[in-house]
Amino acid sequence: MQYYDQHVHTAYSFDSTEKIEAYITNHQPHYFVTTEHLDFSNPSDGGCDSIPDYLAYTEEIKKLTPLYPTKFLKGIEIGYVKTHQKQIKKFLENKNFDLILLSVHQDGNKDFMDPLVLEENPEKLIVDYYTRMIEAIEVMSEANILTHFDYGVRRLKISVTDYQKIAEPYLEKVFQLIIKKELALELNGKSFKSYGNQHLYEYALPLYQRLGGKLFTLGSDAHQTNKYELAFSEMKQCLTKLNIAELATYQNQTLKMVPLILD
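Keep in mind that this is a model prediction, so the values were computed, not measured. (Residues numbered from 1 in each chain as written. Predicted model: local features only at pLDDT ≥ 70, side-chain atom pairs only at ≥ 80, totals over all residues. Heavy atoms only, no water.)

> I'd like to hear about unusual backbone geometry, residue by residue, with values.
Positive phi outside glycine occurs at Gln-28, with the angle close to 45°. If you trace the backbone, Gln-28 turns up in the loop between helix H1 (20–27) and strand E1 (31–42). Positive phi, normally seen in glycine, also occurs at Ala-231, with a value near 65°. Inspection of the secondary structure puts Ala-231 in the loop between strand E7 (216–219) and helix H8 (232–241). (Helix = DSSP H or I, 4+ residues; strand = E, 2+ residues; numbered from the N terminus.)

What follows is the structure, encoded as structure tokens:
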């Protein structure tokens, strides 16, 4: 079994217009999972609830399954906010997902990618972001993977030294929690390449390892088919330098380790 992209969006997410079938025809993956956005009162969507149509999503996968040799899986990306916890858990009831990603995108008023964050004190912003992430991990027991740990600092032009001084105590807690709760840590292609945060990953991944972390995943965070498996080669090389030989995958929310194979 080969590794496959585990962070992908389609038109079932508020910020994508890509069709599921476009990924299949362009890439012919052996396994394919999409992880559609679930963000209530989403400031990046005009304050609307960004909720994927689970019934339509399930029905489309059912229709595509006999047409392609690809094994289709279902996933979702939870955007956690404390005041939305009950809504999130209510949505997840009686739904079957192979994979659940856990993210912190917003604080209930602004998205952490909003230009408004540049008006804030960087230290305050970083502490606030990771405090929210710690809480998300503590309460969202349904999750399998923690995504883009750097999302809250993407807008900041910050050196590893400055980032470490502020973030490390909180990042250590984040990593200790995901290790305890057996969540995998994602290397995010969009963060790694599009936002130029490879340096933060090269700092954080050894820290995660030193604390006992062993579960890694790769996700492109693609919103269109030409971004599928974005930066996979570079991220695999980064992990290989850390002597990582396996990656975590999830089917029916069950962990299965597969070999890390360089391109």
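> Can you lay out the pattern of salt bridges for me, pointing to particular residues and giving the numbers?
One pass over the structure, following the stated rule, counts seven salt bridges. Of the charged contacts in the structure, one is a salt bridge between Glu-120 and Lys-110, with a shortest N-O distance of 2.9 Å. Residue Glu-120 is found in the loop between strand E4 (99–103) and helix H4 (122–139), and its partner Lys-110 is found in the loop between E4 and H4; the two are separated by 10 residues along the sequence. Residues Arg-154 and Asp-221 are paired through a salt bridge, measuring 4.0 Å at the closest nitrogen-oxygen approach. Here Arg-154, found in the loop between strand E5 (145–146) and helix H5 (160–181), pairs with Asp-221, found in the loop between E7 and H8; they are 67 residues apart in sequence, far enough to count as distant. (Salt bridge = Lys/Arg side-chain N within 4 Å of Asp/Glu carboxyl O.)

> Which residues make up the pairing of E7, and what are the values?
Here E7 shows a buried face lined by Phe-216 and Leu-218 and a second buried face lined by Thr-217 and Gly-219. Two strands pair when backbone bridges link them, and strand E6 (residues 184–188) and E7 are joined in this way by four bridges, in the parallel orientation. Opposite Leu-185, over in E7, you have Phe-216 as the bridge partner. (Buried < 20%, exposed > 50% of the residue type's maximum accessible area, 1.4 Å probe, protein only. Pairing = 2+ DSSP bridges.)

> Lay out the environment of Ile-78 with the relevant residues and their values.
Looking at where Ile-78 falls in the secondary structure, it is placed in strand E3 (residues 71–79). Take Ile-78: its relative accessible area is 0%, and that puts it in the buried class. Taking the C-alpha atoms as reference points, Ile-78 and Leu-102, 24 residues apart in sequence, are found 5.1 Å from one another.

> Account for the packing of aromatic side chains, with residues named and values stated.
In this structure the tally under the stated criterion is 17 aromatic pairs. Between Tyr-163 and Tyr-203, the aromatic rings sit 6.0 Å apart at their centres with planes inclined by 85°, giving edge-to-face as the arrangement. On the criterion of sequence distance, the pair formed by Tyr-163 in helix H5 and Tyr-203 in helix H7 (residues 198–210) is long-range, its members being 40 residues apart. Of the two residues, Tyr-163 and Tyr-203, neither departs from the other in class, the shared state being buried. On the basis of an interplanar angle of 65° and a centroid distance of 5.3 Å, the ring pair of Phe-175 and Tyr-208 is categorised as edge-to-face. Of this pair, Phe-175 sits in helix H5 while Tyr-208 is found in helix H7, placing the two residues 33 residues apart along the sequence. For Phe-175, a relative accessible area of 0% puts it in the buried group. Look at Tyr-208 and you get buried, because its relative accessible area is 1%. One cation-aromatic arrangement involves Lys-95 over Tyr-54; the distance from NZ or CZ to the ring centre is 5.8 Å. (Phe/Tyr/Trp six-rings, centres within 6.5 Å; stacked < 30°, edge-to-face > 60°. Lys NZ or Arg CZ within 6 Å of the ring centre and 35° of its normal.)

> Report on the side chain of Glu-36, specifying residues and quantitative values.
Its location among the elements puts Glu-36 in strand E1. Buried and unpaired, Glu-36 has Lys-190 as its nearest opposite-charge partner, separated by 12 Å. A polar contact is formed between the side chain of Glu-36 and the side chain of Thr-10, at a distance of 2.6 Å. Looking at Glu-36, its side chain comes within polar contact range of the side chain of Thr-34, at 2.8 Å. Among residues more than four places away in sequence, those in contact with Glu-36 are Val-8, His-9, Thr-10, Tyr-12, Ser-13, Pro-52, Tyr-57, Gly-75, Ile-76 and Glu-77. (Lys, Arg positive; Asp, Glu negative; His and termini not counted. Polar contact = N/O pair within 3.5 Å; in protein donor to acceptor, adjacent residues only side chain to side chain. Contact = heavy atoms within 4.5 Å.)

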